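The residues making up each chain are set out below.
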Amino acid sequence: MKGRRGGATGDLFGSAPPAGAGAEPLAEGATILRRFAEAAAPALVEAIERVVAAAPFRHMVTPGGYTMSIAMTNCGRLGWVTDRSGYRYTTTDPTTRRPWPALPAVFRDVATRAAAAAGFAEFEPDACLINRYEPRARLSLHQDRNERDFSAPIVSVSLGLRAVFLFGGARRQDRPRRIRLESGDVVVWGGPTRLAFHGVAPLPDGEHPLTGRHRINLTFRKAG
Ligand code: MD6
Ligand code: FE
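Residues numbered from 1 in each chain as written. Chains lettered and ligands numbered in written order. Predicted model: local features only at pLDDT ≥ 70, side-chain atom pairs only at ≥ 80, totals over all residues. Heavy atoms only, no water.

1. Observations concerning the site of ligand 1
Here comes step 1: Around ligand 1 there are 14 residues in total, and Y133, D144, S156, H198 and R215 lie nearest to it.
Here comes step 2: H198 is positioned such that a nitrogen or oxygen atom in its side chain is 2.8 Å from a nitrogen atom of ligand 1.
Here comes step 3: In the environment of ligand 1, an oxygen atom lies 2.9 Å from a nitrogen or oxygen atom belonging to the side chain of R215.
Here comes step 4: Sorting the residues of the shell around ligand 1 by element identifies β6 (127–133), β7 (139–142), β8 (154–160), β12 (198–200) and β13 (215–221) as the ones contributing at least two each.
Here comes step 5: With 3 residues, β13 is the single largest residue contributor to the shell around ligand 1. (Near = heavy atom within 4 Å. Polar contact = N/O pair within 3.5 Å; in protein donor to acceptor, adjacent residues only side chain to side chain. Helix = DSSP H or I, 4+ residues; strand = E, 2+ residues; numbered from the N terminus.)

Written out as structure tokens, the structure reads:
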């Protein structure tokens, strides 16, 4: 895929970038690691397929009664869910009534390496929310505040179709910055802007060799 990125970060295929390489500050405590997960992306997609075979994608309902345009599932000890009674983390998938599938080793590996590259050496995720966007799907501005401990970062991995990530301020009305995220880009988000409002603009149509007409986002958290 043609990108507007310059050649400054070099070819990241086949080897992990050294800590700090390609790290782009987004806000205080938030860092973009461009293409950090590009080499691991095919293995991540395979692992997603195994998770989804056990815990299928589903469109959850918000407390306000709206069905989300994003399809979601989870892996790890805890999974994020929403229904008419609210947002929360559960140990059991409400659809299958089984525990969420375990965090695949390749997931944990990418998440902990990315956290370390952004300065969070101790990150141990216990939850991974898997979001699947189809063209026109979007995520309205929200804060992530269902986790117990806001001192742990969130590691967010983008796969497949590119999206525009909206990064706002402490108040919903703050006009968000627009950040293009491409396949393999990782955002590590912690510290003072941990509670910033953020979202994803409606996904443009397209085709990606890894994911077809989808974008998949993994968000790793220490939720419990
Ligand atoms: C997404 N991400 O990129 C949605 N939240 O599909 C999020 O809502 C998000 O990327 C907290 C931290 C990083 C994120
Ligand atoms: Fe979020």
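2. Comments concerning the pairing of β6
Here comes step 1: By the criterion of burial, β6 is predominantly enclosed, with 6 of the 7 residues buried.
Here comes step 2: Two strands pair when backbone bridges link them, and strand β3 (residues 71–75) and β6 are joined in this way by 5 bridges, in the antiparallel orientation. If you follow C75 over to β6, its bridge partner there is C128.
Here comes step 3: Bridge count between β6 and β13: 7 bridges; the pairing is antiparallel. Its bridge partner being in β13, A127 is matched across the sheet by R221. (Buried < 20%, exposed > 50% of the residue type's maximum accessible area, 1.4 Å probe, protein only. Pairing = 2+ DSSP bridges.)

3. What about the packing of helix α1 (residues 41–54) against helix α2 (residues 105–117)?
Here comes step 1: Across the interface, α1 lies against α2 with an axial gap of 9 Å and an inter-helix angle of 135°. Considering their axes alone, α1 and α2 lie oblique with respect to each other. Crossing hand, α1 versus α2: left-handed. Within the contact between the two elements, α1 uses A43, L44, A47 and I48 and α2 uses V106, F107 and V110.
Here comes step 2: The class makeup of the residues in the contact of α1 with α2 is 7 nonpolar, no polar and no charged. (Axes fitted to C-alpha atoms, helices over the stretch in contact; angles between N-to-C directions. Parallel < 35°, antiparallel > 145°, perpendicular 65-115°, else oblique. Left-handed = near helix turned anticlockwise from the far one by under 90°. Contact = heavy atoms within 4.5 Å. Nonpolar A, V, L, I, M, F, W, Y, C, P; charged D, E, K, R; others polar.)

4. A word on the state of the cysteines
Here comes step 1: Under the defined criterion, the tally for this structure stands at 0 disulfides.
Here comes step 2: Looking at the unpaired C75, the closest cysteine sulfur is the one in C128, lying at 4.4 Å.
Here comes step 3: Taking relative accessible area as the criterion, C128 reaches 0% and is therefore assigned buried. (Disulfide = S-S within 2.5 Å.)

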